[in-house]
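Results of the structural survey
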Amino acid sequence: MNAWIEKQKYLIDFTLSSLARRKAKNLGLLLVYTLIVFLLASVMLFTHALRQAAAEVLVGAPEVILQRMVAGRHDLIPPGYLERIGRIRGVQHKEGRLWGYYYDPVVKANYTFMVPGNQDIAAGTLLVGAGMARARGLAVGNLISFRSYSGKLFSFTIARILPHDSELVSADLVLISEADFRSFFAIAPGYFTDIALSVANPLEVRNVAAKLSQQFPDSRPILREEILRTYESIFNWREGIVLALASLAILAFAIFAWEKASGLSADEKREIGILKAIGWETGDVLKMKFWEGALVSLAAFLIGYLAAYLHVFRFSSSLFAPVLKGWAVLYPRFELSPVIDGFQVATLFFFTVFPYAAATLVPIWRAAIADPDAVMRG
Amino acid sequence: MPVARLSHLALVTLACAASLVAATFADAAWLRQQRAGGMAQMRDLVEQLQLTDLCLFTEARYTRHLSQADLHSAFQDHPLGLEHFPTGSLVLPPTRLTASHERLDRETEVPD
Amino acid sequence: MIELKGIHKAFNTGRENEFHALNGIDLHLPTQRVTAFRGPSGSGKTTLLSIIGCLSRPTSGRVRLGERDISGLPERFLTHIRRQTFGFIFQQFNLIKGLSALENVMLPAYPLGGNWRALHERAESLLGDLRLAHRRAAAIEHLSGGEQQRVAIARALINDPQIIIADEPTANLDTGLAMEFMAILENLHAVGKTVILTSHDPLVVDATIVHQVIDMRDGRIVTPVPIAEGCA
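Fair warning: this is a prediction, and the values are worked out from it, not measured in the lab.

About the cut-offs
- Residues numbered from 1 in each chain as written.
- Chains lettered and ligands numbered in written order.
- Predicted model: local features only at pLDDT ≥ 70, side-chain atom pairs only at ≥ 80, totals over all residues.
- Heavy atoms only, no water.
- Pairing = 2+ DSSP bridges.
- Helix = DSSP H or I, 4+ residues; strand = E, 2+ residues; numbered from the N terminus.
- Contact = heavy atoms within 4.5 Å.
- Salt bridge = Lys/Arg side-chain N within 4 Å of Asp/Glu carboxyl O.
- Nonpolar A, V, L, I, M, F, W, Y, C, P; charged D, E, K, R; others polar.
- UniProt positions renumbered as here; feature names shortened; annotations may be inferred.
- Domains from an automatic or database assignment.
- Buried area = accessible area lost by both parts, 1.4 Å probe.
- Polar contact = N/O pair within 3.5 Å; in protein donor to acceptor, adjacent residues only side chain to side chain.
- Buried < 20%, exposed > 50% of the residue type's maximum accessible area, 1.4 Å probe, protein only.
- Expected span 1.5 Å × (residues − 1).
- Bend = angle between axes of the 7 residues up to and from the residue.
- Axes fitted to C-alpha atoms, helices over the stretch in contact; angles between N-to-C directions.
- Parallel < 35°, antiparallel > 145°, perpendicular 65-115°, else oblique.
- Left-handed = near helix turned anticlockwise from the far one by under 90°.
- Phe/Tyr/Trp six-rings, centres within 6.5 Å; stacked < 30°, edge-to-face > 60°.
- Lys NZ or Arg CZ within 6 Å of the ring centre and 35° of its normal.

Time to look at the sheet that holds strand 1 (residues 2–11) of chain C. Sheet strands associate in pairs through backbone hydrogen bonding, adopting either a parallel or an antiparallel arrangement. Residues and elements named next belong to chain C. Pairing is antiparallel in the open sheet, where four strands are placed in the order 2-1-4-5. Among the strands making up the open sheet, the edge pair consists of strand 2 (19–29) and strand 5 (68–69). Bridging between strand 4 (residues 60–65) and strand 5 involves two bridges; their strand directions are antiparallel. Looking across to strand 5, one finds that L65 is bridged to R68.

Listed per partner, the contact involves 68 residues of chain B and 89 residues of chain A. Counting across the interface, chain B meets chain A through six salt bridges. Salt-bridge contacts for D27 of chain B lead to R314 of chain A; the nearest nitrogen and oxygen are separated by 2.6 Å. Elements with a contribution of two residues or more to the side of chain B that touches chain A: helix 1 (6–49), helix 2 (61–64) and helix 3 (95–106) of chain B. Across the side of chain B that touches chain A, the residue classes break down as 35 nonpolar, 18 polar and 15 charged.

What follows concerns the sheet that holds strand 8 (residues 194–198) of chain C. Residues and elements named next belong to chain C. An order of 6-7-8-3-9-10 is seen for the six strands of this open sheet, with the pairing classed as mixed. Taken across any chain shown, the strands that pair with only one partner, and hence form the sheet edges, are strand 6 (86–89) and strand 10 (220–221). Relative to strand 8, strand 7 (residues 163–167) is paired through five bridges, and the arrangement is parallel. By the bridge assignment, I164 is partnered in strand 8 with V195.

Time to look at the UniProt feature "transmembrane region" (unreviewed entry) in chain A. All names here are of chain A. Under the local residue numbering, the UniProt record ascribes the feature "transmembrane region" (unreviewed entry) to residues 27–46, 240–258, 290–310 and 346–368. This span, residues 27–46, is 100% helix and 0% strand, and a straight line between its end C-alpha atoms measures 27 Å. As a span, residues 346–368 carries 100% helix and 0% strand, and end to end its C-alpha atoms are 31 Å apart.

Glancing now at the domain arrangement of chain A. Residue and element names in this part refer to chain A. Taken domain by domain, chain A holds domain 1 (2–58 + 230–377) and domain 2 (64–220). Summarising the inter-unit geometry, the C-alpha centres of domain 1 and domain 2 are found 48 Å apart. Listed by partner, the interface residues are ten residues for domain 1 and 15 residues for domain 2. Buried surface at the junction of domain 1 and domain 2, both sides included, amounts to about 860 Å², of which 74% is carbon and sulfur. The largest share of the area that domain 1 buries against domain 2 comes from V329, L330 and R333, three residues that together contribute 62% of it. Across the domain 1-domain 2 interface, the total number found is zero salt bridges. For the pair domain 1 and domain 2, the number of links is two residue pairs in polar contact (both at pLDDT 80 or more). Here the side of domain 1 that touches domain 2 is composed, by residue class, of nine nonpolar, no polar and one charged.

Quick look at the interface of chain C and chain A now. With 33 residues of chain C in contact, the opposing surface of chain A contributes 26 residues. Between chain C and chain A, a total of about 2700 Å² is buried, with carbon and sulfur atoms accounting for 60% of that surface. Linking chain C with chain A are four salt bridges, by the criterion used here. At the junction of chain C and chain A, the tally comes to 13 residue pairs in polar contact (both at pLDDT 80 or more). Elements represented by at least two residues in the side of chain C that touches chain A include exactly helix 1 (45–52), helix 2 (75–85) and helix 4 (116–129) of chain C. For the side of chain C that touches chain A, the element with the highest residue contribution is helix 2 of chain C, accounting for six residues.

With that out of the way, let us pick up the pairing of strand 10 (residues 219–223) of chain A. The element strand 10 of chain A is largely enclosed, with a buried count of five among its five residues. Here strand 10 of chain A shows a buried face lined by S219, P221 and L223 of chain A and a second buried face lined by R220 and I222 of chain A.

All names here are of chain B. Taking 1.5 Å per residue as the helical rise, helix 1 with its 44 residues ought to reach 64 Å, and the 60 Å between its terminal C-alpha atoms agrees with that figure. In helix 1, a bend of some 45° at R35 exceeds every other bend along the element. Downstream of helix 1 by a residue or two, Q50 has a phi angle that is positive, lying close to 55°.

Turning next to the packing of helix 5 (residues 145–157) of chain C against helix 6 (residues 175–190) of chain C. Residue and element names in this part refer to chain C. Between helix 5 and helix 6, the least distance of the axes is 11 Å, while the angle of their chain directions is 15°. Comparing their axes, helix 6 and helix 5 come out roughly parallel. In this structure, the crossing between helix 5 and helix 6 has a hand that is right-handed. Taking contact as the criterion, the partners of G146, Q149, R150, I153 and L157 in helix 5 are, on helix 6, L177, E180, F181, I184 and L188.

What follows deals with the packing of aromatic side chains. Counting across every chain of the model gives 33 aromatic pairs over all chains. Measuring from centroid to centroid gives 4.7 Å for F181 of chain A and F185 of chain A, while their planes differ by 55°, and the two rings are tilted. On the criterion of helical spacing, the pair formed by F181 of chain A and F185 of chain A is a turn pair, its members being four residues apart in helix 6 (residues 178–185). Each member of the pair, F181 of chain A together with F185 of chain A, is buried. The ring of Y81 of chain A is capped by R84 of chain A, whose NZ or CZ atom sits 5.3 Å from the centre of that ring. A cation sits over an aromatic face here: R5 of chain B above Y10 of chain A, 4.8 Å from the ring centre.

As structure tokens, this is what we get:
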């Protein structure tokens, strides 16, 4: 056993000395490889943690949202709908929500204006999300003016900034009193953006939804479970595209690695011949190459994964911000609660370490089984 | 005096990296605890304000309120088509949308 | 003792360029002697040497090493025998570029997995014996031809083999270095090693320490081989 370990160490000694000869090339390779692992692992950790966060946070979302559609567009709920819902059995609580979008030309950002149902906001004051406050450079007590869609200018005082910790759900929120909302967006009393319902019995939710769509054919109910499912599958499909792109990168890398390994230079072939002539077995040469592949890919995996972990959970996925932002100016700064799926990590390990080790090992085979006397004749 | 062996150097480095990777799991548990307050705060906020979506993409209304998106405004193009808004390419339309579309197709609740 | 009987070696068998390098070699090589094969290039010296050294197998014929018939052994066993019994000094030295002199010397011992410190010390002492201690950390390509050959000799000795095989050892050396090599050879013989070499360098084949010179031509032995003269 000791001799076996010692022998593996000798083989590692040799393979490292060999790698050190082409330092720049091999370090470059390790860097590219690490970068690929880093990207894949970052996407993986980020999306998994985000899905988990959505599942954890959105359980508090309304059980049913009733949205009215007119000519294929989201439209206001006219007066009378709210009262009619009261007649559906099982509905415990119903409430008209008021919310809408506002494009702020000053910083070219979109805000979500919303009237909180549970608290009263003094007229002329706003509660704003931390992301929005950052975008406009606002502090409590500041004055801010918005020109409404009707052209009128409205001024508000910032009463409070929502906690930074909750940016993942509140970054762009502007909470406003109902009266201000109605006059700012020119929405007549009795109209609502949509209706939030709570249902006493969770098993009744689907029945209530069915009754709602029967009673309000122009409206569509959105269930909480559908909201949760939306976020459960967020990135799943398009993440597939990201993964497809990444796998292209991996494929390119595989070709590169294969080329590097299979395009065995005459020098390398000669070296293998020498090793065999001085008493190395075919198996020793293969083991030596195996260690090369294993060390390089293991190093790339470990470093790449570590960097990804730090990136996603310690540096708030800062590299993804531009991607998630798109053309928007306002981007929430959030710290995800780290949830790591061990199975995912294992999968990543397998798909990054194994192919490279194989790619270095397979082409060497032919050279390794060559006759050892080749060096005598060469 | 023999010089340091490359194999020892490499194995020790890898072992360190491996233990750091193992440490990420411990760090994750610790961070989870640290950030539990923030999570609870968000859950409360969602409940109080009756929020329906995560504020991930603020550039377009169908990505800002992903779950509230309607069938017609966004995703009107082929799923593989390039979106006008870049983040629209990152997320898929809620599966429910096509399902309700199906309902529109087949059922006629109101007599014609 | 090495015994060869009816050794034939053909390359590219069955093809247009089929080529017979050895045509029936019968040979008996005693231990602790210095034997030289002499002949023009293409006479089969090197092929014969590689068969003796278990680097390749004859197309037909038998090879006995001591009491053991090794002609039918699979490659694995041949490799074992090779690294225990033979040390090779190649014409082109065949050192591995980029590695240090010391690493090159240690290479044949790597698959044996012995104690590293002991191996390290042994390699250093071999280099010291060959006056190369100061060059041990230098990359092989920075060494002169003579230094490279001495590294190759140290490498051949690292596993303490009984038989040293040298293919045209002085072909790439000037007269001074060739003389030096012969001195090293003498030392090896003095410590009881068997040396088998090929050469057409008069400096080698006419040297007094060479006990036996065997002339070869067209894959055959042309000088009558004297029967071992009472050497063990």
